[in-house]
Amino acid sequence: GIFKYPGYAVSAGEIMLDGQDITKMEVNDMAKLGFYFGMQHIPEIEGISTLSFLYKAYKNLNPNALSVSEFKNKLIEDCKKFDLDTELLSRDLNVGFSGGQKKQADMMHILALQPKYIFLDEPDSGVDKNAVEKVYAVIEHMRSLGSAVILVSHSKEVERLKADKVYEVKENICQIK
């Protein structure tokens, strides 16, 4: 499961969400519950286009999935709302993408999958201001649709998101703002 990261273990207790214990749940089962985990360093995968990858993921999560052409048209329309580079959809998944392009592709994943719970690790790091604006716009859009977002950031710019709660860690001390 997600909590079996090498060197770490859940030693006691449960993590309950929507009445379910997710402590030992596998990542694919968490995805079916609406989880999305965005990574700071996104891997490159040759041989599958970003669009094909996203459609397969979408179809696995939605038994009554749109056709591939309907999905593509809807995703392109959504991407255009946030000025995301739709040309990335035809390229191999993250292969040769700049930092900003990888963050845009991550936002495409979120738009395609419409997750209920979004966990993002530094989506605003290593990118220019323009890419950060696009990332924040998608995050705000998902929040407006009712998605919960947990975001780790080292940037002061993140304050613009007007989070419901902010936990600030300073010298190993966590404070609620």
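The following refers to the structure shown. In this text, all values refer to a predicted model and were calculated from it rather than measured experimentally.

With that settled, the discussion passes to the pattern of salt bridges. According to the stated counting rule, one finds ten salt bridges in the structure shown. Between R143 and E140 there is a salt bridge; the shortest N-O distance is 3.3 Å. Taken as a pair, R143 and E140 lie in helix α5 (residues 129-144) at a separation of three residues, close to a single helical turn. Look at R143 and you get partly exposed, because its relative accessible area is 25%. One salt-bridge network, in which partners are shared between bridges, spans K74, D78 and K81.

Here we take up the environment of E122. Relative to the helices and strands, E122 resides in the loop between β6 (117-121) and α5. By relative accessible area, E122 is classed as buried at 12%. Separated by 17 residues in the primary sequence, E122 and I139 place their C-alpha atoms 13 Å from one another. Setting aside chain neighbours within four positions, we find E122 in contact with Q40, K103, V152, S153 and H154. Within the local environment of E122, its side chain forms a polar contact with the side chain of H154, the two groups lying 3.2 Å apart.

What counts and how
- Residues numbered from 1 in each chain as written.
- Predicted model: local features only at pLDDT ≥ 70, side-chain atom pairs only at ≥ 80, totals over all residues.
- Heavy atoms only, no water.
- Salt bridge = Lys/Arg side-chain N within 4 Å of Asp/Glu carboxyl O.
- Helix = DSSP H or I, 4+ residues; strand = E, 2+ residues; numbered from the N terminus.
- Buried < 20%, exposed > 50% of the residue type's maximum accessible area, 1.4 Å probe, protein only.
- Contact = heavy atoms within 4.5 Å.
- Polar contact = N/O pair within 3.5 Å; in protein donor to acceptor, adjacent residues only side chain to side chain.

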